[in-house]
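Okay, here's what each chain looks like letter by letter:
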Amino acid sequence: MATQSASAVPPLGELLRYWRRERGKSQLDLSLDTGISQRHLSFVESGRSVPSRDLLSMVSDALNIPLRERNVLLLASGYAPLYGEQGMDAGQMAVVTRAIDRMLEQHEPHPALVLDRHWNVIRTNNAAPHFFGSFVDLEARPKPRNLLDLMFDPAGMRPFVEEWEQVAAALLQRVRREAVGLVVDAGFMKLMERLRKYPGVAELKPPHAPQSPVLPITFRRGDERFSYFSLITTVGTPQCITAQELRVECMFPIQADER
């Protein structure tokens, strides 16, 4: 349910029913979670009652609705959107950007990347392009570069990844798990459709039962092998769409003595 212009926003009742079903909640469940009477919720969903901003906020919190989609609920109720979307270099994002830049710098000499909700790379430390660029010509790939395209494309990192099928299957699971607010929006569906068009992706089977706490990704270049696992950082209390949708991926070497 992607953010839309006011003229294209579905009716509020349709949106609320969608989110309740996405979260596996009945009206009674939502009533118990929010303290709002089931009767009032029913009236809102049927269009017999106009919700206040406070009610929409309570329902959004209870259903864990992402900020981008909360704007849609507000528009559908006749209110102006509340949550903004700024560029990484906007003044309002400075406090977040400074923290991220420090994380990227401190993670040298290992790769670290900043991703948006659709896995587009929007920032890196120096080590990331140096590492990936030692395998493929990054300049030949259009910007914004997408990390999943880089991993799934036979002309990208795929030939250098050991046990690629297992890694790719695990990445697909991770894509669904890390979708912001578990929202399957148009951009997410477009990304999944693009990935399925790569050779062998549609036939991938679920990954094997885990034998270790993490799934390492091992890259091979000649006789050299580089094994990494990732830690993902998100903003703990985001108050704008941009901050909520950022993810910082730091790649850590499996070998304990790499530093």
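Residues numbered from 1 in each chain as written. Predicted model: local features only at pLDDT ≥ 70, side-chain atom pairs only at ≥ 80, totals over all residues. Heavy atoms only, no water.

*Asks:* Can you lay out the overall build of the protein chain for me, pointing to particular residues and giving the numbers?
*Replies:* Across its full length, the protein chain holds 11 helices and 5 strands. Once the C-alpha set of the protein chain is aligned to its principal axes, its extents read approximately 70 × 45 × 35 Å. Put simply, the protein chain has 259 residues, and 44% of those count as buried. Of the charged side chains in the protein chain, 31 are positive and 31 negative; the average position of the first set lies 5 Å away from that of the second. (Helix = DSSP H or I, 4+ residues; strand = E, 2+ residues; numbered from the N terminus. Buried < 20%, exposed > 50% of the residue type's maximum accessible area, 1.4 Å probe, protein only. Lys, Arg positive; Asp, Glu negative; His and termini not counted. Charge placed at Lys NZ, Arg CZ, Asp CG, Glu CD.)

*Asks:* Before we move on, could you go through helix α3 (residues 38-46) and cite the residues and values that matter?
*Replies:* Leu 41, Phe 43, Val 44 and Glu 45 are the residues of α3 that are buried. Of the surrounding secondary structure, the elements contacted by the buried residues of α3 are α1 (12-22), α2 (27-34) and α4 (53-62). Once α3 ends, the next one or two residues include Gly 47, with phi positive near 85°. (Contact = heavy atoms within 4.5 Å.)

*Asks:* I'd love a proper account of the pattern of salt bridges, names of residues and values included.
*Replies:* Scanning the entire structure with this criterion turns up 16 salt bridges. In this structure, Arg 68 and Glu 85 form a salt bridge, with 2.8 Å as the shortest nitrogen-oxygen distance. Here the residue Arg 68 occupies a position in helix α5 (residues 67-76), and Glu 85 occupies one in the loop between α5 and α6 (94-106), the gap between them amounting to 17 residues. Overall, the relative accessible area of 14% leaves Arg 68 in the buried class. Taken together, the shared-partner salt bridges in this structure form one network comprising Arg 68, Glu 85, Arg 117 and Glu 245. (Salt bridge = Lys/Arg side-chain N within 4 Å of Asp/Glu carboxyl O.)

*Asks:* Give a description of the side chain of Arg 20 that names residues and reports values.
*Replies:* Structurally, Arg 20 is set in helix α1. Looking at Arg 20, its side chain comes within polar contact range of the side chain of Glu 45, at 2.5 Å. In contact with Arg 20, not counting residues within four places along its chain, are Lys 25, Ser 26, Gln 27, Leu 30, Glu 45 and Leu 63. (Polar contact = N/O pair within 3.5 Å; in protein donor to acceptor, adjacent residues only side chain to side chain.)

*Asks:* Describe unusual backbone geometry, naming the residues involved and giving the relevant values.
*Replies:* A cis amide bond links Glu 108 with the next residue in sequence, Pro 109, at an omega value of 10°. With respect to the helices and strands, the residue Pro 109 is situated in the loop between α6 and β1 (112-115). Cis geometry is adopted by the peptide bond preceding Pro 144, which originates at Lys 143 and carries an omega value of 0°. Along the chain, Pro 144 falls in the loop between α7 (127-133) and α8 (147-152). Located in the positive-phi region is Asn 64, a residue other than glycine, with phi close to 55°.

*Asks:* Any details on the nonpolar core? Residues and values, ideally.
*Replies:* Of all hydrophobic cores here, the largest spans 33 residues; its most connected members are Phe 132, Met 151, Phe 152, Met 157, Leu 195 and Phe 219. Looking at this core, the elements with two or more residues in it are β1, α7, α8, α9 (164-177), α10 (186-196) and β3 (217-221). The element contributing the most residues to this core is α9, with 6 residues. Leave out the neighbours within four places in its chain, and Leu 195 touches Leu 148, Asp 149, Phe 152, Leu 172 and Val 201. Of all hydrophobic cores here, the second largest spans 17 residues; its members include Leu 12, Leu 16, Ile 36 and Leu 41. (Core = buried A, V, L, I, M, F, W, Y, C linked by side-chain atoms within 4.5 Å.)

*Asks:* Describe the sheet that holds β3, listing the residues and the values that go with them.
*Replies:* Taken in spatial order, the 5 strands line up as β2-β1-β5-β4-β3 in an open sheet, and their pairing is antiparallel. Edge positions in the sheet fall to β2 (121-124) and β3, since each of these pairs with one other strand and no more. When strand polarity is set aside, the average angle formed by the axes of neighbouring strands in this sheet is 30°. Taken together, the 3 bridges between β1 and β2 define a ladder with antiparallel strand orientation. From the neighbouring strand, Leu 113 faces β2, where its bridge partner is Thr 124. (Pairing = 2+ DSSP bridges. Axes fitted to C-alpha atoms, helices over the stretch in contact; angles between N-to-C directions.)

*Asks:* Provide a residue-level description of the packing of α1 against α5, including the pertinent values.
*Replies:* Where α1 contacts α5, the two axes come as close as 9 Å, and the packing angle between them is 150°. The orientation of α1 relative to α5 falls into the category roughly antiparallel. Considering the relative orientation of α1 and α5, their crossing is left-handed. Each of Leu 12, Leu 15, Leu 16 and Trp 19 in α1 lies in contact with α5, whose residues at this interface are Glu 69, Val 72, Leu 73 and Ala 76. (Parallel < 35°, antiparallel > 145°, perpendicular 65-115°, else oblique. Left-handed = near helix turned anticlockwise from the far one by under 90°.)

*Asks:* A description of α1 should follow, citing residues and the corresponding values.
*Replies:* Working note: α-helix, 3.6 residues per turn, so residues spaced by three or four point in the same direction. All buried positions along α1 are accounted for by Leu 12, Gly 13, Leu 15, Leu 16, Trp 19 and Arg 20. Buried residues of α1 fall within an arc of 160° about the axis and therefore sit on the same side. (Arc of directions from axis to C-beta.)

*Asks:* Tell me about the packing of α2 against α3, and please be specific about residues and values.
*Replies:* Two elements in contact, α2 and α3, have axes separated by 9 Å at closest approach and are oriented at 120°. Our classification of the angle between α2 and α3 gives oblique. Where α2 crosses over α3, the two elements pack in a sense that is right-handed. Judged by residue contacts, Gln 27, Leu 28, Leu 30 and Ser 31 of α2 engage Gln 38, Leu 41, Ser 42 and Glu 45 from α3. For the contact of α2 with α3, the residue count by class is 3 nonpolar, 4 polar and 1 charged. (Nonpolar A, V, L, I, M, F, W, Y, C, P; charged D, E, K, R; others polar.)

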